[in-house]
Amino acid sequence: MKKILLLLFLMIFSISFTAQYEISKKSSVKMTKSEMEKNASLIEKSIKNTFTETGLGNHFKRVEDKYKIGTNLETEIYNKFMSKTFSTLVANAQVTLVKIEFLNEKKAEITVKYKTPTIDAKSISKFDKTFKDEFKRQMGYPFEKINEKVLSYSDRKKIDTIISSTVSKNLKSDLKNPVYSSGESREIMEKVNGNWRFIVK
């Protein structure tokens, strides 16, 4: 689970666009210039929408479905904690879209340059422990026992508060003097029912 969530972080960025990023196609692709420009605009919109709270939630759900990640209460709450952690990191990352290459009419490769705070397995383990310690302190039982409970509305609100406060505490020191990594990444997007989306690897 942690490995999958750590890999997902690599896809979470604050998106920006150069004024004139490159748009191209494979020689076998039969798309006109106007069709390419129209779809490039749709891809921009899709990327921006993906990296919203709702968009990330939908993307995480697709990953869960592909990897058959369980949907019990423990997994639901832990994913919520990790999603909140990654979403908070978004504001401290930068990505520039530099190229869109159409592989066919319904598939495109996007190239981005990124600069993002470094987060490693050691940090994830530390965040995990802090969250579970605080959960036990406030809820009165270990997080691992949550599947045995029936959560009330007030319980869920309390857990949301625990998640928010723990994420803030975890990242306060990490983002004070962040160590950034930078590079270039290529991702594949597909067009489904008229909408572009990232392919879950």
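What counts, and at which threshold
Residues numbered from 1 in each chain as written. Predicted model: local features only at pLDDT ≥ 70, side-chain atom pairs only at ≥ 80, totals over all residues. Heavy atoms only, no water. Salt bridge = Lys/Arg side-chain N within 4 Å of Asp/Glu carboxyl O. Helix = DSSP H or I, 4+ residues; strand = E, 2+ residues; numbered from the N terminus. Buried < 20%, exposed > 50% of the residue type's maximum accessible area, 1.4 Å probe, protein only. Expected span 1.5 Å × (residues − 1). Arc of directions from axis to C-beta. Contact = heavy atoms within 4.5 Å. Core = buried A, V, L, I, M, F, W, Y, C linked by side-chain atoms within 4.5 Å. Pairing = 2+ DSSP bridges. Phe/Tyr/Trp six-rings, centres within 6.5 Å; stacked < 30°, edge-to-face > 60°. Lys NZ or Arg CZ within 6 Å of the ring centre and 35° of its normal.

1. Description of the pattern of salt bridges
- The tally for this structure, following the rule as stated, stands at 11 salt bridges.
- Of the charged contacts, one joins Glu144 and Lys132 as a salt bridge, the two residues approaching to 3.4 Å between their closest N and O atoms. Highlighted residues: Glu144 in the loop between helix 5 (121-139) and helix 6 (153-174) and Lys132 in helix 5, separated in sequence by 12 residues.
- For Glu144, a relative accessible area of 44% translates into the label partly exposed.
- Three or more residues are tied together by salt bridges with common partners; here these are Glu109, Glu184 and Arg186.

2. As for helix 5
- Between its first and last C-alpha, helix 5 extends 26 Å over 19 residues, near the 27 Å set by a 1.5 Å rise per residue.
- Among the residues of helix 5, those classed as buried are Ser123, Ile124, Phe127, Asp128, Phe131, Glu134, Phe135 and Met139. Within helix 5, the buried residues cover an arc of 145 degrees as seen down the axis, which keeps them to one side. Exposed residues pointing more than 90 degrees away from the buried face of helix 5 are listed as Lys122, Lys129 and Arg137.
- Of the residues one or two after helix 5, Gly140 is the one with positive phi, at around 90 degrees.

3. Some details on the environment of Leu42
- Structurally, Leu42 is set in helix 2 (residues 33-50).
- A relative accessible area of 32% means that Leu42 is categorised as partly exposed.
- In sequence terms Leu42 and Trp196 are 154 residues apart; their C-alpha atoms lie 6.9 Å from each other.
- Beyond its immediate sequence surroundings of up to four residues, Leu42 is in contact with Gly194 and Trp196.

4. Structural notes on the nonpolar core
- Ile77, Phe81, Phe131, Phe135, Ile146 and Ile159 are the most contacted members of the largest nonpolar core, which totals 22 residues.
- Sorting the residues of this core by element identifies helix 4 (73-90), helix 5 and helix 6 as the ones contributing at least two each.
- Of all the elements, helix 4 adds the most residues to this core, at 7 residues.
- Setting aside residues no more than four positions away along its own chain, Phe81 makes contact with Phe127, Asp128, Phe131, Ile163, Thr166, Val167 and Asn170.
- Residues Tyr21, Ile43, Val112 and Phe198 belong to the second largest nonpolar core, which totals 17 residues.

5. Here's the deal with the pairing of strand 2 (residues 94-104)
- Relative to strand 3 (residues 107-117), strand 2 is paired through 9 bridges, and the arrangement is antiparallel. Looking across to strand 3, one finds that Ile100 is bridged to Ile110.
- Remark: 2 residues form the turn of the hairpin made by strand 2 and strand 3, two consecutive strands paired antiparallel.

6. Focus on the pairing of strand 3
- Note: strand 3 against strand 4 (residues 180-192), 11 bridges, orientation antiparallel. Considered in strand 4, the bridge of Thr116 is made with Ser181.

7. Looking at the packing of aromatic side chains
- For the structure on display, the rule yields 8 aromatic pairs.
- With 6.0 Å between their ring centres and 55 degrees between their planes, Tyr78 and Phe81 make a pair best called tilted. Here Phe81 and Tyr78 lie together in helix 4, a separation of 3 residues that amounts to about one turn. One exposure class covers both Tyr78 and Phe81, and it is buried.
- Ring geometry for Phe135 against Tyr141: centres 5.5 Å apart, planes inclined by 80 degrees, an arrangement best described as edge-to-face.
- For Phe135, a relative accessible area of 0% puts it in the buried group.
- With a relative accessible area of 12%, Tyr141 lands in the buried category.
- Members of the aromatic cluster, joined through ring pairs, are Tyr78, Phe81, Phe131, Phe135, Tyr141 and Phe143.
- The ring of Tyr141 is capped by Lys149, whose NZ or CZ atom sits 4.6 Å from the centre of that ring.

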